[in-house]
Amino acid sequence: MNWLDISSTAFQAAFYLYCASFICYAIAVAGKRWSNRKPELHNRRWGRFGFILAVAGWACHLTFFFTRWKGGGHIPTSNMYEFMTFLAMAIVFAFIIVHLIYRNNLLGAFAIPLVIIIIAYAAVFPSEVQPLIPALNNYWLKIHVTTAATGEAFFAVGFAAALVQLLRVIDFSRKDKAGRREQKWVEFVLFFMVVIIGFLVSVFAFRGGGYEAKFQQEKVSIDQQGVQQSVTQTVVYGLPPIVAPYNSDKLSMQPYLGIKDPLFEAPSWMNGVNAGRKLNTVIWSLLSGAILYGLLRLIARKPIAAVIHPHLTDIDPEDLDEISYRAIAIGFPIFTLGALIFAMIWAQIAWSRFWGWDPKEVWALITWLFYSAYLHLRLSRGWQGTRSAWLAVIGFLVVLFTLIGVNLVIAGLHSYAGV
């Protein structure tokens with residue numbers, strides 16, 4: 001067995017241990033309401049099991065990281081698969097640190113599922129070890145990516161605590177306008193998470209069925225001398241093509257739901273490489289997420305947030321507020337170093353400029369400015385409680401867009417990588 005085989009085995013073990021950890025935390029949170037004897041003891045026992053399994057999963061995850069590094073010959077953070085798996089590992093590390101400080105089992109019931117979703121999202125991308133392109137072959141890559149991801153990991157833990165806080169404090173019995181608005185917004189956050197899960201379900205379902213569609217796309221561009229150039233490329237879809245690439249011809253397409261051709265073509269301004277496929281992915285994510293959310297609502301017969309709320313009534317929201325703030329306060333200086341300072345040093349070495357207004361650079365700056373505003377309002381203006389929690393939730397949604405939306409939707413220098 002070589003290093004990469006060991007790495008793959010360790011990664012699978014980590015994933016299953018995280019799933020088992022989540023089950024334990026779910027029992028600790030939901031099951032204690034059905035425990036007739038000493039519910040606090042029930043909570044502590046299952047929470048302890050969940051934490052032990054999370055630590056064991058993180059140890060396997062760490063084994064995956066170093067054995068893949070050894071087998072691949074470079075630090076495994078150079079593409080979306082590697083970066084997202086490292087981010088998941090960093091979130092578990094941040095969770096372990098925060099848990100050891102505050103001993104709050106409830107946090108695991110929301111942080112560990114986030115890790116599972118990120119690992120599943122990483123599995124969407126090719127997992128083969130790829131050689132480094134010249135721009136990535138620098139030791140500043142190791143410093144930049146690892147510190148930026150660690151900072152984002154603490155933001156994720158802050159998000160988990162803030163989301164639990166909102167689910168705890170929002171009164172779902174209120175019928176006035178302000179109450180309904182709060183309920184709708186927290187439900188929207190949960191819907192956003194369901195959309196990501198729906199995307200993963202659709203991808204793995206069609207991948208398991210071996211679905212594939214191919215198009216031949218002709219892209220016309222004008223070079224610096226004003227000469228028109230035409231490039232023909234083959235675009236491969238893993239999801240049924242609702243949207244065909246702009247200015248393309250169908251080469252092959254497996255019918256689905258009786259549909260033999262794409263419903264429409266991508267607009268002319270989306271004529272970039274794989275732009276039509278990315279739009280198709282977004283549409284499928286929204287469709288599958290909406291269907292999954294509808295099924296959950298049909299089963300529960302009430303908003304998802306209203307289902308979760310009764311299980312959190314004995315939790316002190318001030319503790320959650322403190323956990324969220326401390327996690328973000330720890331992550332902010334780490335993110336500042338990794339995503340801005342070290343990133344600019346690496347950009348100077350790789351592209352001979354410190355700043356180039358690349359989409360990923362811009363959104364990293366937006367993320368940093370947002371969390372700067374969060375800390376300013378928290379410390380100088382006394383924003384605590386619900387307002388602070390909403391900022392923490394919105395901030396991590398910005399992080400997710402920077403990681404997912406910018407990489408997959410907006411073309412830029414970072415489109416090849418997970419950084």
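Heads up: the structure comes first, above all this text.
All values derive from a computational prediction rather than experimental measurement.

**Quick notes on the nonpolar core**
Consideration 1: Among the nonpolar cores identified, the biggest contains 116 residues, and Phe95, Val186 and Phe396 are the most heavily contacted of them.
Consideration 2: Ranked by residue count, the leading element in this core is helix α5 (residues 139–169), at 18 residues.
Consideration 3: Apart from residues lying up to four places away in sequence, Phe95 is in contact with Tyr25, Phe51, Ala54, Leu107, Gly108, Ala111, Ile112 and Val157.

**Section: empty space enclosed by the protein**
Consideration 1: Enumeration according to the criterion identifies three cavities of 30 Å³ or more in this entry.
Consideration 2: Empty space within the second largest cavity amounts to approximately 80 Å³.
Consideration 3: Counting residues per element, the ones that place at least two in the lining of the second largest cavity are α3 (80–102), α4 (108–122) and α11 (386–408).
Consideration 4: Looking at which element gives the most residues to the lining of the second largest cavity, the answer is α4, with four residues.
Consideration 5: Looking at the lining of the second largest cavity, its residues break down into 10 nonpolar, no polar and no charged.

**A closer look at the layout of surface pockets**
Consideration 1: Here the second largest pocket is characterised by a volume of approximately 850 Å³.
Consideration 2: Along its surface, the second largest pocket is lined by 25 residues, and Phe22, Ala109, Phe110, Pro113 and Ile308 are the ones closest to its centre.
Consideration 3: Every element with two or more residues in the lining of the second largest pocket is listed here: α1 (3–30), α4, α5, α6 (177–208), α7 (275–300) and α8 (304–308).
Consideration 4: If one sorts the elements of the lining of the second largest pocket by residue count, α4 sits on top with six residues.

**Description of the environment of Asn137**
Consideration 1: Among the structural elements, Asn137 can be located in the loop between α4 and α5.
Consideration 2: In this structure Asn137 comes out as exposed when scored by relative accessible area, which is 57%.

**Here we look at the side chain of Ser248**
Consideration 1: Looking at the element boundaries, Ser248 is found in strand β4 (residues 248–253).
Consideration 2: Side-chain polar atoms of Ser248 contact the backbone oxygen of Pro245, separated by 2.6 Å.
Consideration 3: Leave out the neighbours within four places in its chain, and Ser248 touches Phe215, Gln216, Gln217 and Glu265.

**Remarks on the packing of aromatic side chains**
Aromatic rings in a pair are described by how distant their centres are and how their planes are angled relative to each other.
Consideration 1: If you walk through the whole model with that rule in mind, you get 25 aromatic pairs.
Consideration 2: Arranged with centres 6.2 Å apart and planes meeting at 10°, the rings of Phe66 and Trp69 form a pair that is stacked. One end of the pair is Phe66 and the other is Trp69, both in helix α2 (residues 39–72) and three residues apart, which spans about a single turn.
Consideration 3: Pairing Phe206 with Tyr211 gives two aromatic rings, centres 5.8 Å apart and planes at 70°, and the pair type is edge-to-face.
Consideration 4: A relative accessible area of 23% places Phe206 in the partly exposed class.
Consideration 5: The class for Tyr211 is buried, based on a relative accessible area of 10%.
Consideration 6: What links up through ring pairs into an aromatic cluster is the set Phe65, Phe66, Trp69 and Phe86.

**Notes on the pattern of salt bridges**
Consideration 1: Scanning the model with the defined rule gives five salt bridges in all.
Consideration 2: For Lys250, the salt bridge identified is with Asp261, shortest N-O distance 2.6 Å. Residue Lys250 is found in strand β4, and its partner Asp261 is found in the loop between β4 and β5 (264–265); the two are separated by 11 residues along the sequence.
Consideration 3: You can call Lys250 partly exposed: its relative accessible area is 40%.
Consideration 4: Residue classification places Asp261 among the partly exposed residues on the basis of a relative accessible area of 43%.
Consideration 5: Measuring nitrogen to oxygen at the nearest pair gives 3.0 Å for the salt bridge that ties Arg378 to Asp321. Highlighted residues: Arg378 in helix α10 (residues 359–380) and Asp321 in helix α9 (residues 317–351), separated in sequence by 57 residues. Considered together, Arg378 and Asp321 belong to a single accessibility category, that of buried residues.

**Some thoughts on the packing of α3 against α4**
Consideration 1: In contact at an axis separation of 8 Å, α3 and α4 are set at 170° when each is read in the N-to-C sense. Judged on the interaxial angle alone, α4 and α3 are roughly antiparallel. Residues Met80, Tyr81, Met84, Thr85, Leu87, Ala88, Ile91, Val92 and Phe95 of α3 pack against Gly108, Ala111, Ile112, Leu114, Val115, Ile118, Ile119, Tyr121 and Ala122 of α4.
Consideration 2: Residue classes in the contact of α3 with α4 are distributed as 16 nonpolar, two polar and no charged.

**Some thoughts on α6**
Consideration 1: The end-to-end C-alpha separation of α6 is 46 Å, in line with the 46 Å expected for 32 residues at 1.5 Å each.
Consideration 2: A side-chain oxygen of the first residue of α6 lies 3.4 Å from the backbone nitrogen of Ala178; this N-cap is Asp176.
Consideration 3: Positive backbone phi, at 70°, marks Gly210, one or two positions downstream of α6.

**Observations regarding α1**
Consideration 1: Between its first and last C-alpha, α1 extends 40 Å over 28 residues, near the 40 Å set by a 1.5 Å rise per residue.
Consideration 2: Taken together, the buried positions of α1 are Ser7, Ala10, Phe11, Ala14, Tyr18, Ser21, Cys24, Tyr25, Ala28, Val29 and Ala30.
Consideration 3: By the N-cap criterion, in which a side-chain oxygen at the helix start approaches the backbone nitrogen of a residue two or three places on, α1 is capped by Asn2, the distance to Leu4 being 3.2 Å.

**A word on the packing of α9 against α10**
Consideration 1: Two elements in contact, α9 and α10, have axes whose closest approach is 10 Å; the angle formed by their N-to-C orientations is 150°. Taken together, the axes of α9 and α10 lie roughly antiparallel to each other. The hand of the α9/α10 crossing is left-handed.
Consideration 2: Classifying every residue of the contact of α9 with α10 by side-chain character gives 16 nonpolar, four polar and four charged.

**Focus: the environment of Thr63**
Consideration 1: Locating Thr63 in the fold gives a position in helix α2.
Consideration 2: Here Thr63 falls in the partly exposed class, since its relative accessible area comes to 36%.
Consideration 3: Sequence separation between Thr63 and Ala14 is 49 residues; the distance between their C-alpha atoms is 9.3 Å.
Consideration 4: A distance of 2.9 Å separates the side chain of Thr63 from the backbone oxygen of Ala59, its partner in a polar contact.

Procedures and definitions
- Residues numbered from 1 in each chain as written.
- Predicted model: local features only at pLDDT ≥ 70, side-chain atom pairs only at ≥ 80, totals over all residues.
- Heavy atoms only, no water.
- Core = buried A, V, L, I, M, F, W, Y, C linked by side-chain atoms within 4.5 Å.
- Buried < 20%, exposed > 50% of the residue type's maximum accessible area, 1.4 Å probe, protein only.
- Helix = DSSP H or I, 4+ residues; strand = E, 2+ residues; numbered from the N terminus.
- Contact = heavy atoms within 4.5 Å.
- 1 Å grid on protein atoms, 1.4 Å probe; cavity = no way out; pocket = protein on both sides within 12 Å on 5 of 7 lines; lining within 4 Å.
- Points joined across faces, edges and corners; volume = space filled by probe spheres on them.
- Nonpolar A, V, L, I, M, F, W, Y, C, P; charged D, E, K, R; others polar.
- Polar contact = N/O pair within 3.5 Å; in protein donor to acceptor, adjacent residues only side chain to side chain.
- Phe/Tyr/Trp six-rings, centres within 6.5 Å; stacked < 30°, edge-to-face > 60°.
- Salt bridge = Lys/Arg side-chain N within 4 Å of Asp/Glu carboxyl O.
- Axes fitted to C-alpha atoms, helices over the stretch in contact; angles between N-to-C directions.
- Parallel < 35°, antiparallel > 145°, perpendicular 65-115°, else oblique.
- Expected span 1.5 Å × (residues − 1).
- Left-handed = near helix turned anticlockwise from the far one by under 90°.

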